[in-house]
Amino acid sequence: MNHERSPLGAGFLPGLELSRILYEEAVRPVLDSAYPGLRYAAARIGSGSEVLGFDTARSADHEWGPRLNLFLVPDDAARHGAELSRLLAERLPKHVRGWPTHFRHADPEVPIGQMELTDGAVNHRVSVDDLGDWLRAQLGVAAVTGRGPTVRDWLAMPQQRLAEVTGGAVFHDGPGAPGTHGTLGAVRERLAWYPDQVWRHLLACQWQRISQEEALVGRCAEVGDGLGSAVVAGRLVRDLMRLCLLLERTYAPYGKWLGTAFGRLAVADDLRPSLAGVLAATEYPARERHLCDAYEYVAGLQNATGLADPVDPARRPYHSRPFQVLHAERFAGALAATVTDPELRDLPLTGGVDQWADSTDFLGLGGPRRAAVDALARPETRGVSS
């Protein structure tokens with residue numbers, strides 16, 4: 001399929017707008033007719049570049065198109081879910097604004113759908129779920145409202161997954177009690193950002209990550225390993241970008257969209273030249289200079305938050321070695337000193353699961369994620385830091 005246009009010649013339309021049209025013009029009429037009074041929420045959340053607002057015409061080549069999430073209360077999901085999905089397959093229009101509602105699998109071994117016109121029932125992308133079950137699959141937790149996620153729950157939830165739950169759009173939110181936020185709205189509000197103590201801990205851990213490698217850029221260069229120096233510098237650029245997202249209370253997406261998300265931050269225009277300079281530098285002195293410029297700028301941002309006592313943001317030697325660094329552990333320590341939650345206070349400065357693991361396969365496994373976080377909280381690990 002031409003990525004710029006649909007099989008019917010329709011031009012690109014942002015995915016969230018396409019989902020809204022699908023709901024208002026196709027799905028809602030079916031629900032009103034076949035299930036009058038049904039309590040449900042309709043949204044486009046979860047995986048997909050459109051949920052984060054990053055989709056382009058290229059996105060249309062797989063699992064992009066007229067898609068929708070329907071969430072029912074548990075009893076209704078069990079009673080009506082399968083039949084509702086079948087009914088939509090029969091009654092949905094074959095296309096919305098020229099974009100097919102039918103998804104085919106070109107390769108039976110690969111569960112990735114591509115839009116295609118059909119004369120028969122529509123293999124649609126309108127999911128029907130109990131919200132609790134869906135959250136458990138997405139985040140590893142189901143108890144989001146009420147007392148909400150625990151400290152360990154927060155640390156075990158990847159930021160990409162949190163962005164997918166809190167991003168996108170909600171078109172109807174009906175399961176809640178009259179006069180209150182619907183269930184989905186309450187969930188999204190609760191997950192919109194970390195609790196204050198968790199946020200402080202994650203900031204401290206991100207500064208700690210930087211402290212562990214900032215001197216390695218110079219050490220690699222000193223032994224003639226220019227490639228190694230550049231690789232470490234690139235890692236530090238990534239960590240600084242993720243730190244800026246934390247400071248601006250924005251969940252960091254996975255690698256494909258990290259730069260795009262960073263580019264939307266208020267600080268991006270000021271900081272981008274230094275970060276780009278680090279990556280473009282072919283010699284250590286320039287690489288060090290740009291890195292230190294970036295360190296000092298982000299350190300100033302940290303001080304401006306008022307979350308901890310201010311720390312001198314100026315670059316300085318790495319002990320007796322001839323490398324200029326920030327000594328980022330000073331900022332980690334200042335922030336850690338403000339963490340009063342007893343469960344967080346005694347944890348090593350490793351942070352959330354995606355601060356120390358970036359395997360896509362691992363981060364998609366809720367059980368192992370939680371098991372790893374629980375292991376870090378065991379008594380034998382407490383008080384250990386890098």
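In what follows, the structure referred to is the one given above.
Summarised in this report is the structure supplied together with it. Remember, predicted model here, so these are calculated numbers, not experimental data.

About the thresholds
- Residues numbered from 1 in each chain as written.
- Predicted model: local features only at pLDDT ≥ 70, side-chain atom pairs only at ≥ 80, totals over all residues.
- Heavy atoms only, no water.
- Axes fitted to C-alpha atoms, helices over the stretch in contact; angles between N-to-C directions.
- Helix = DSSP H or I, 4+ residues; strand = E, 2+ residues; numbered from the N terminus.
- Parallel < 35°, antiparallel > 145°, perpendicular 65-115°, else oblique.
- Left-handed = near helix turned anticlockwise from the far one by under 90°.
- Contact = heavy atoms within 4.5 Å.
- Nonpolar A, V, L, I, M, F, W, Y, C, P; charged D, E, K, R; others polar.
- Buried < 20%, exposed > 50% of the residue type's maximum accessible area, 1.4 Å probe, protein only.
- Pairing = 2+ DSSP bridges.
- Phe/Tyr/Trp six-rings, centres within 6.5 Å; stacked < 30°, edge-to-face > 60°.
- Lys NZ or Arg CZ within 6 Å of the ring centre and 35° of its normal.
- Expected span 1.5 Å × (residues − 1).

Attention now moves to the packing of helix H7 (residues 196–213) against helix H9 (residues 226–247). Two numbers describe how H7 lies on H9: the axes approach to 10 Å, and their chain directions differ by 165°. Here H7 lies roughly antiparallel to H9, going by the angle between them. The handedness of the crossing between H7 and H9 comes out as left-handed. Residues Trp199, Leu202, Leu203, Gln206, Trp207, Arg209, Ile210 and Glu213 of H7 form the contact with H9, whose participating residues are Val232, Arg235, Leu236, Asp239, Leu240, Arg242, Leu243, Leu246 and Leu247. Taken together, the residues of the contact of H7 with H9 sort by class into eleven nonpolar, one polar and five charged.

Despite not being glycine, Arg249 shows a phi value in the positive range, around 55°. Summarising the element assignment, Arg249 is placed in the loop between H9 and helix H10 (255–263). Taking relative accessible area as the criterion, Arg249 reaches 45% and is therefore assigned partly exposed. Residues other than glycine seldom take positive phi values, yet His319 does so here, at roughly 50°. With respect to the element layout, His319 can be found in the loop between strand S9 (316–318) and strand S10 (321–325). Residue His319 is classed as exposed on the basis of its relative accessible area of 60%.

Counting buried positions along strand S2 (residues 67–72) yields six of six residues, so the element is predominantly enclosed. Side chains Arg67, Asn69 and Phe71 of S2 all project onto a buried face; the interleaved residues Leu68, Leu70 and Leu72 project onto the opposite face, where all are buried too. As defined by bridge partners, strand S1 (residues 40–44) adjoins S2 across four bridges and the pair is classed as antiparallel. Bridge pairing links Ala43 to Asn69 in S2.

Looking at where Val141 falls in the secondary structure, it is placed in the loop between helix H3 (131–139) and helix H4 (151–156). Here Val141 falls in the buried class, since its relative accessible area comes to 7%. Separated by 28 residues in the primary sequence, Val141 and Ala169 place their C-alpha atoms 21 Å from one another. Those residues in contact with Val141, other than ones at most four positions away along the chain, are Leu135, Arg136, Asp153 and Met157.

We now examine the environment of Val27. Of note, Val27 is situated in helix H1 (residues 15–34). For the pair formed by Val27 and Leu88, sequence separation is 61 residues and the distance between their alpha carbons is 7.4 Å. Among all residues touching Val27, those that are not within four sequence positions of it are Leu22, Leu68, Leu70, Leu88, Leu92 and Val126.

What follows deals with the packing of aromatic side chains. A full pass over the atoms with the stated rule returns 13 aromatic pairs. Note on Phe12 and Trp64: the rings are 5.4 Å apart at their centroids and 25° apart in plane angle, and the pair reads as stacked. Residue Phe12 is found in the segment before H1, and its partner Trp64 is found in the loop between S1 and S2; the two are separated by 52 residues along the sequence. Every member of this aromatic cluster is reached through a ring pair, and the members are Trp154, Trp193, Tyr194, Trp199 and Tyr251. We note Arg249 situated over the ring of Trp199; from NZ or CZ to the ring centre the distance is 5.0 Å.

A few words now on the side chain of Arg287. By the secondary structure assignment, Arg287 is in helix H12 (residues 284–305). The residues touching Arg287, leaving out its near neighbours within four places in the chain, are Val217, Gly226, Ser229, Ala230, Ala233, Val278, Ala281 and Thr282.

Before going further, it helps to examine the sheet that holds strand S8 (residues 169–173). Strand order in this open sheet of four strands is S7-S2-S1-S8, and the pairing throughout is mixed. Only two strands of the sheet have a single partner each, and these edge strands are strand S7 (125–130) and S8. In this sheet, adjacent strand axes meet at a mean angle of 20° when their direction is disregarded. On top of the sheet, H1 reaches S1, S2, S7 and S8; it is set at about 50° to S2, its chief contact. Along the sheet face, helix H2 (residues 74–91) touches S2 and S7 and points at about 165° away from the line of S7.

Right, let's get into helix H11 (residues 268–280). Counted at 1.5 Å a residue, the expected span for H11 with its 13 residues is 18 Å, and the 17 Å between its end C-alpha atoms agrees. For H11, the full list of buried residues reads Ala268, Leu271, Ser274, Leu275, Gly277 and Val278.

Summarising the sheet, S9 and S10 pair through three bridges and their orientation is antiparallel. By the bridge assignment, Tyr318 is partnered in S10 with Arg321.

Residue placement: Val30 occurs in helix H1. For Val30, a relative accessible area of 7% gives the class buried. In contact with Val30, other than residues within four places in its own chain, are Tyr35, Leu87, Leu88 and Arg91.

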